Amino acid sequence: MQSRCTLHTWVIQAAWNPPQSGHNTMKCWLQPQEGMPGVLSVFPSKSRTLQTTRSWRFLGIDKDTSTDSSSSQSSNDNLWLRAKFSEDVIIGLLDTGIWPESESFQDDSLPPIPRHWKGSCETGVEFNASLCNRKLIGARMYLKGYEHTYGPLNVTATGEFLSARDKDGHGTHTSSTAAGKFVPNANTFGFGNGTAKGGAPRARIAMYKTCWPIPGADPIAEDSCLDVDMLAALDDGIRDGVDLFSISIGHLNPQLTYFQDALALGGFHAILKGIPVFCAAGNDGPTPATASNLAPWLVTVAASTIDRSFPSPAILGNGTVLKGESISPDKLANRFYPLIFAGNAGRDNKDASQCLPNSLDPAKVKGKVVFCVRGLGTRVGKSMEVLNAGGIAYILGNAPANGTEVAVDAYALPGTAINAADAAIAQEYIKLSGNPQVKILPGTTALGIKPAPVIPSFSSRGPNSLNPQILKPDISAPGVNILAAWTGGNSPTHFPDDHRRVAYNIISGTSMACPHAAGVGALLRSIYPTWSPAAIKSAIMTTAKVFNNLNQPIATASEDQAGPFDYGAGEINPIAAADPGLIYDAKPRDYLLFLCKAGLGSSQIQAISGLNFSCGPKPPKISNLNYPSVAITKLKKTQIVKRTVTNVGPMGTYSVSVQAPPGVHVDITPKSLHFGAQGERRKFKIKLTVSQSSKGKYVFGSFTWSDGAHVVRSPIAVQSI
């Protein structure tokens, strides 16, 4: 038996040259030190967390296509048909594994596996190679880093599978969102019933299981994903022939330097091979500067809502109707029940307003509907506390920070969730009423909800905490109340006492937004196979929407106007992204020069890239990286920023228009760009001058190139002092 390397609590980033075989590309020394031959950096292997379908119709892709078989449609206007449903693209996911029996991963009518695939389907507990097919073409697991950090995986306590099989559900959900086949009559307890489908419905899936349950943790807590395992998985995926990565994993510390960050490192390896990498922005909003996955070569995805809701109104005893939402299958009789505020129902007269475990006094809540406040703890966990204490139903009220954002859950008892304004009304009613009562109506599914999209409070925000000259996040995509495939090994709530099983589940998070963007990226990869990762990112960003379905500026859950730190360039717009007109391209060398300015030396960059590279005496400013957005910090007077666009459309002339940030004058020269052919490049300069200081606050604007048919928009963020 080969001995296990005792160094897996450290990630040793060496001169990168993908090995020809084996899973682990890291070297092991008894005492790893920077400065050893070929060693760029040594850092502790850190634990990361998971970030977790009407959506495709809301985004405009899914019009009248009822099947993922290209033989059934003939319209040249359908994006899925143009891309052949991405049947030639392999999407690699780093996640909790996959439930291979799900209908979303069956290979009906798919052609043979793409020839460039070199990966494998590994055998493990309740998972053998025969479970892979022409849809799910690869499955591997990575456990060494986890087991060195936490000890051997306790399969008895966790119920986990020592294989690529998904116990958690997260990986199954993200995989089917990105690339699930068309499955009719998909729903969760009857809610959201319709045809489930992925963004790239015929793309192939390669699952790299890197995330595992933390020993002794809350059963519904997020899994842990170790850097060392993720870096090994990324390098394997590159060698296997993955065409695009979707990684719904974030870091607890977004301020890690790029080369202390496994996803930045592994993502850089992927970019060198022309592979786009889509990552979740994180679920730590609305606090500023919480976005993770900040490297400019990654596509960082924020979350947004769609135009579907699950109305379950709560009617107070005084007749006031609160606009609740719920996917709880359990229902109360159509009558009023006694209502109590959890803050008045604590054990030993302690405040139990947030319904944390063992906080409620059964004698006070038995037979009553309990009103709990959102905040600490999980939404489902609060409902279980009400159930265990003898409450008959549950109302979850948003805290002010959550605003209008309402994420639904399959509670194990009747219940509904209400926004912050209605929560305040409910609390005031309970306070003033001598006999508070409530009636909760059963949930239903409603479509065409306005306004949408809205940026939820949980979605992590900019500015970029590492290099604020690179605007993050990059884009927003649907991530609230998303219906997708689920594991057969877990309940929809994750609670051990919940024995219900569903084939499809509705959950929320930037984890759900990331595979939406990745699905669009896969379609673009099919249509434009020679495009660079930067070109695909640019097409997605410059065509994004900033107006909702009321034709008003997109708002946040707090009902403030959203901006670049909330949604990046805006809401993803797949149809427009497939015909962007112009792109802001970048090659690996551009990112290497960026790293020079970010603090790495030539020798370090050569070691990581394997390229003969020198920073030179004066590498370009970070703000001059050819990025599809512009961010300027600490501007005192004037700064000039340079950009280059490449024509990927017909010949023509583009003119520029500017929406200047308040207090900043923006002058772009030249003001028109003529292109005589595809592939031609044109340079321009953006001169930003402070006319009135923002006193350290960020102000926002944009500039747009248009030829009358294409709209190529870039956001601007400026901090003046």
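Higher on the page you've got the structure.
In short, a report on the structure.

Procedures and definitions
Residues numbered from 1 in each chain as written. Predicted model: local features only at pLDDT ≥ 70, side-chain atom pairs only at ≥ 80, totals over all residues. Heavy atoms only, no water. Helix = DSSP H or I, 4+ residues; strand = E, 2+ residues; numbered from the N terminus. Buried < 20%, exposed > 50% of the residue type's maximum accessible area, 1.4 Å probe, protein only. Areas by Shrake-Rupley, 256 points an atom, 1.4 Å probe, with all protein chains shown as cover. Polar contact = N/O pair within 3.5 Å; in protein donor to acceptor, adjacent residues only side chain to side chain. Contact = heavy atoms within 4.5 Å. Patch = residues over 30% accessible without salt bridge, like charges linked within 9 Å, V, L, I, M, F, W, Y side chains within 5 Å. Salt bridge = Lys/Arg side-chain N within 4 Å of Asp/Glu carboxyl O. Lys, Arg positive; Asp, Glu negative; His and termini not counted. Charge placed at Lys NZ, Arg CZ, Asp CG, Glu CD. Pairing = 2+ DSSP bridges. Axes fitted to C-alpha atoms, helices over the stretch in contact; angles between N-to-C directions. Disulfide = S-S within 2.5 Å.

### Considering the overall build of the protein
- Within the protein, the regular secondary structure consists of 16 helices and 37 strands.
- The buried share of the protein, reckoned over its 721 residues, is 62%.
- Of the roughly 26700 Å² of accessible surface on the protein, 51% is carried by carbon and sulfur atoms.

### Describing the side chain of R374
- When you line up the elements, R374 lands in the loop between β19 (369–373) and α9 (379–388).
- Judged by its relative accessible area of 11%, R374 is buried.
- Within the structure, the side chain of R374 is placed 2.5 Å from the side chain of E405, a separation counted as a polar contact.
- Residues contacting R374, with those up to four places away along its chain left out, are Q354, R379, K382, L396, G397, N398, A399, N402 and E405.

### Observations concerning a positive patch on the surface
- On the surface, K597, K618, K621, K642, R681, K683 and K685 cluster together into a positively charged patch.
- The element best represented in the positive patch is strand β35 (residues 681–690), accounting for three residues.
- Turning to its location among the elements, K683 is positioned in strand β35.
- The exposure class of K683 is exposed, given its relative accessible area of 65%.

### Quick look at the sheet that holds β35
- Strand order in the open sheet formed by four strands is β29-β31-β35-β33, with antiparallel pairing between adjacent strands. Edge strands, defined here as strands with exactly one partner in the open sheet, are β29 (582–583) and β33 (664–669).
- Across nine bridges, the pairing between strand β31 (residues 638–647) and β35 is antiparallel. The partner of K642 across the bridge, within β35, is K685.

### Considering the sheet that holds strand β4 (residues 90–95)
- The strand order across the open sheet built from seven strands is β5-β8-β4-β11-β13-β14-β25, with neighbouring strands paired in parallel fashion. Looking along the sheet, the strands with just one partner apiece sit at the ends: β5 (136–141) and β25 (475–478). Between one strand axis and the next, the sheet turns by 25° as a mean value, whatever way the strands run.
- In terms of strand pairing, β4 meets strand β11 (residues 244–247) through four bridges, oriented parallel. Note on β11: the bridge partner recorded for L93 is S246.
- Packing against the sheet, helix α5 (residues 170–179) makes contact with β4 and β8 (204–209), and its axis sits at approximately 160° to β4.

### Things to note about the state of the cysteines
- A full pass over the atoms with the stated rule returns four disulfides.
- Put simply, C121 and C132 are joined by a disulfide, and their sulfur atoms are 2.0 Å apart. Handedness here is read from the sign of the S-S torsion; for C121 and C132, about 75°, the answer is right-handed. Remark: C132 occurs in the loop between β4 and β5 and C121 occurs in the loop between β4 and β5; sequence separation between them is eleven residues.
- Residue C121 is classed as buried on the basis of its relative accessible area of 16%.

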